[in-house]
Amino acid sequence: MAGLIKWRNSDSRKLSSAREGEEVKLIGWIFTKRVHSNKVFFMLRDRYGYVQLVGDADKLGKRFSEVADIPVESAVAVVGWVKRDPRAPGGVEVHIKNIDVVAKAEVWPITPSVAKSPDSMFDLRHLTIRGPKSRAILLARSALVQSAWEYFIKNGYVLITAPTFITSAVEGGATLFELKYFDKKAYLTQSSQFYEEAAICVFEKVFVIQPSFRAEKSRTRKHLTEFLHIEAEVAFADHEDIMDIEEELLKYIVNRMEEIVPDEIKYVRGKGLPDVDSRFERISYDEAIELLQRKGVEIEWGEDFGADEERVLSMEFDKPFFVYGFPVSTRSFYHMDDPRRPEVTLSSDLMAPMGYGEITSGGQRIHDYKYLIEKIKRMGLNPEDYGWYIDIRRYGMPPHSGFGMGVERVLRWLLDLPHVRDATLFPRTPTRLYP
Ligand code: NSS
């Protein structure tokens, strides 16, 4: 096997600049196969894309039937000659001189009837991810995360890592996953925010890109029990600043993704990403409630938006927009109340348009020690559960703000995917813990 290492820099993209008749080496998987009496056509899939391989009975002689028998999804190492042919995808094909089966595949289980059932496809997710659509979506996801990371690093943020085992809720007790931690009770993290807040007193601007967990029973198209959370926290920043940062980040992500994965975006979406160029509109929660009521939605001031309300609201927009000023009753205890209007918080959600709804949530935090204790009590919680989080406020905690962005939500909107589970490698939902 060691001899194969030197093949690793094989790259199907390089074929477009290869000379006619040049000998090339490729490694990859047999994606599709068509066999004729004296020719076999394979589509080879490698890390970079697809290339057509041609096996000629004339050239392969006695080995032809053996080559034609190679099952799809087998891993192969190929030596062949480049031939330009406008009929081949990409305009280039490789005529096989020799093909070694590195790992032979059994009969591929994804039959057309399996492919018709989304549930069966997710039961076989460990294999179905090899399909061109999942491949393109996952490449776009990688580009999304890369772009976010780039944005933060370029703007002076420090990447931190927060613990996954935690002892108290960030976003309310109802969606905590509880587990045994030796002889103690622990939970899986819902958000890295509190740890980011501690870290801004060292670095001013920090971010994380790591999973959050929610025991969220709602079966919507936008809820996972485990999702990838991009979060940022900024010292000396107020609520307006954080909205500006979220807007700038999303614009950066969209523009960079167009540069990194243009073909994959077109393959999945049939066109480029949604337009995010103009300034995002900012409407108040009150305006949003009025708009919903006008649309016949039964919702009262003070209630939180559910998936249905977000859908109706966001159908009214064709660009992302913020809703700001959520009532105290709808937001977690750490939110700062608006000093001009104490019944609402200095908070906002960034909504994707056309029915998609919330993709980020953020706001200004309470930085004052006494105020935080008072609010925790007012919200019916116990300050003792938040010891270190409160303690930071005793030692020079400046005003600060932050937000969280769900990677699967953003990708679902950007690529028009039916469900957030399509936007992740191995989705976790209330009914799916396998594979
Ligand atoms: O609960 S959030 O609205 N807010 C927080 O967790 C804050 N503590 C983040 C922060 O300020 N650092 O979640 C933030 C985002 C939300 O807008 C969604 O995009 C995503 O996280 N999110 C989810 N995505 C998929 N599935 C589920 N269940 C989910 N919950 C939140």
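Just so it is clear, the structure is predicted and the values come from calculations on it, not from any experiment.

A.B. asks: Honestly, the sheet that holds strand β1 (residues 23-35) in this entry has me stumped. Any pointers?
C.D. replies: Note on sheets: strands pair through backbone hydrogen bonds, and any given pair is parallel or antiparallel. The strand order around the closed barrel formed by five strands is β1-β2-β3-β5-β4, and the pairing between neighbours is mixed. Between one strand axis and the next, the sheet turns by 55 degrees as a mean value, whatever way the strands run. As paired strands, strand β4 (residues 75-84) and strand β5 (residues 92-103) are joined by 10 bridges and run antiparallel to one another. Looking across to β5, one finds that tryptophan 81 is bridged to histidine 95. The sheet contacts of helix α6 (residues 132-154) involve β1, β2 (39-46) and β3 (49-56), and relative to β3 the element is tilted by about 145 degrees.

A.B. asks: What exactly am I supposed to notice about the site of the ligand here?
C.D. replies: As a structural note, the neighbourhood of the ligand is formed by 23 residues, with Glu171, Gln193, Glu231, Glu358 and Arg365 the closest of them. With respect to the ligand, the side chain of tyrosine 334 contributes an N or O atom lying 3.4 Å from a nitrogen atom. A distance of 3.3 Å separates a nitrogen atom of the ligand from a polar backbone atom of phenylalanine 403. Counting only elements with at least two residues in the shell around the ligand, the list comes to β11 (226-235), β17 (357-364) and β18 (400-406).

A.B. asks: Would you mind showing me how to read the nonpolar core here?
C.D. replies: Side chains of a nonpolar character, in soluble globular proteins, are inclined to be buried together. Membership of the largest hydrophobic core comes to 45 residues, with the highest contact counts inside it found for Phe152, Met257 and Leu415. Of all the elements in the fold, those that place two or more residues in this core are α6, β11, α8 (239-260), α9 (262-269), β16 (347-352), β18 and α14 (407-415). Here leucine 415 is in contact with Ile137, Ala140, Ile265, Val268, Arg269 and Leu273, once residues within four sequence places are set aside. Counting residues in hydrophobic clusters, the runner-up holds 25 residues, among them Ile200, Val206, Leu346 and Ile373.

A.B. asks: For this particular structure, what's the right way to read the packing of helix α10 (residues 285-294) against helix α11 (residues 307-314)?
C.D. replies: Each pair of packed helices can be summarised by the angle the axes make with each other and by the distance between the axes. Closest axis-to-axis distance for the α10/α11 pair is 10 Å, and the angle between their directions is 90 degrees. Classified by the angle their axes make, α10 and α11 are roughly perpendicular. Between α10 and α11, the contacting residues are Ala288, Leu291 and Leu292 on the first element and Glu309, Val312 and Leu313 on the second. In terms of residue class, the contact of α10 with α11 is made up of five nonpolar, no polar and one charged.

About the cut-offs
Residues numbered from 1 in each chain as written. Predicted model: local features only at pLDDT ≥ 70, side-chain atom pairs only at ≥ 80, totals over all residues. Heavy atoms only, no water. Pairing = 2+ DSSP bridges. Helix = DSSP H or I, 4+ residues; strand = E, 2+ residues; numbered from the N terminus. Axes fitted to C-alpha atoms, helices over the stretch in contact; angles between N-to-C directions. Contact = heavy atoms within 4.5 Å. Near = heavy atom within 4 Å. Polar contact = N/O pair within 3.5 Å; in protein donor to acceptor, adjacent residues only side chain to side chain. Core = buried A, V, L, I, M, F, W, Y, C linked by side-chain atoms within 4.5 Å. Buried < 20%, exposed > 50% of the residue type's maximum accessible area, 1.4 Å probe, protein only. Parallel < 35°, antiparallel > 145°, perpendicular 65-115°, else oblique. Nonpolar A, V, L, I, M, F, W, Y, C, P; charged D, E, K, R; others polar.

In short, the description is geometric, and any link to function would need to be established separately.
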